[in-house]
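A structural walkthrough
Residues per chain are reported as follows:
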Amino acid sequence: MTMKNTLLILGLAIATFYGCAGDDSDSAADSTSQTEAGTKNSTSSAQTSDSETTPSNSDANTIENLPWTFLVTGVYHNNATIGAGSGDKKNINEGHWINFYENGTYDYGIWGEKEYDGSWFYDGDTNILDLTPKGDHEQSQWRVMHKDDNLIWLGTAKYGNNSLQVQWLRREGLPVKKG
């Protein structure tokens with residue numbers, strides 16, 4: 001019965017996310033801009049004469065070509081962590097947070113304390129996020145879905161965290177322990 005409930009919750013979370021994502025005209029505009037930018041780059045690299053002096057990725061730093069910018073605004077607080085086969089209804093990662101920086105690094109902590117840091121890489125084509133922490137913490141890889149201030153991470157098989165789903169909410173500042 002607990003596995004059935006876990007799968008039901010997971011299914012509802014994914015269905016809710018995709019239902020909300022269908023109304024997101026911004027993501028459609030982003031993908032159109034990325035497609036246009038990719039077409040522009042391939043067209044400009046195929047041209048000769050004056051365009052040879054301009055690198056084909058000359059517009060690489062425009063906002064349309066930075067698919068990870070949603071990660072670097074605010075601090076993400078863990079809202080829910082669901083593991084396949086786990087009957088625990090309490091969030092085992094309550095108080096956990098992650099803060100991404102534009103230089104490809106991140107801080108990870110619990111409540112007001114930083115636990116460790118590391119580096120991250122986001123592939124906008126596959127929506128895959130790789131986290132490489134410093135020290136003896138394990139690497140992880142996640143398929144990312146995002147809308148507004150919400151992130152959902154689905155673990156991948158690369159580092160064996162494919163049984164996890166994590167929901168994060170963007171907030172200002174670190175989480176505060178209640179009571």
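Our structure's up above, just so we're on the same page.
Residues numbered from 1 in each chain as written. Predicted model: local features only at pLDDT ≥ 70, side-chain atom pairs only at ≥ 80, totals over all residues. Heavy atoms only, no water.

**With respect to the environment of Asn93**
Defined as follows: Strands are runs of DSSP state E lasting at least 2 residues, helices are runs of H or I lasting at least 4, and numbering of each runs from the N terminus.
Looking at the element boundaries, Asn93 is found in the loop between strand E1 (75-83) and strand E2 (96-100). Residues Asn93 and His77, 16 residues apart in the sequence, show an inter-C-alpha distance of 9.5 Å.

**As for the pattern of salt bridges**
Stated precisely, the cut-off is as follows: A carboxyl oxygen of Asp or Glu within 4 Å of a side-chain nitrogen of Lys or Arg is what we treat as a salt bridge. Buried, partly exposed and exposed residues are distinguished by accessible area as a fraction of the type maximum, computed with a 1.4 Å probe on protein chains only: under 20%, between the cut-offs, and over 50%, respectively.
Under the counting rule described, the total for this entry stands at 6 salt bridges. When the shortest N-O distance is used, the salt bridge between Lys114 and Asp117 registers 3.2 Å. Residue classification places Lys114 among the partly exposed positions, given a relative accessible area of 47%. Classification of Asp117 as partly exposed rests on a relative accessible area of 21%. Among the salt bridges present, the one from Asp117 reaches Lys134, with a minimum N-O distance of 4.0 Å. Taken together, the residues span a long stretch of sequence, with Asp117 in strand E4 (residues 113-123) and Lys134 in the loop between strand E5 (128-133) and strand E6 (140-147) at a distance of 17 residues. You can call Lys134 exposed: its relative accessible area is 54%. In the salt-bridge network here, residues are joined through shared partners; they are Asp107, Lys114, Asp117 and Lys134.

**What about the environment of Asp130?**
Using the following cut-off: In protein, a polar contact means a hydrogen-donor-capable atom and an acceptor-capable atom, both N or O and within 3.5 Å, with residues adjacent in sequence counting only if both atoms are side-chain atoms; elsewhere, any N or O pair within 3.5 Å suffices.
With respect to the element layout, Asp130 can be found in strand E5. A sequence separation of 11 residues divides Asp130 from Gln141, and the C-alpha atoms of the two residues are 4.5 Å apart. Of note is the side chain of Asp130, whose polar atom sits 3.0 Å from the side chain of Gln141.

Limitation: the analysis is restricted to geometry and does not speak to function.
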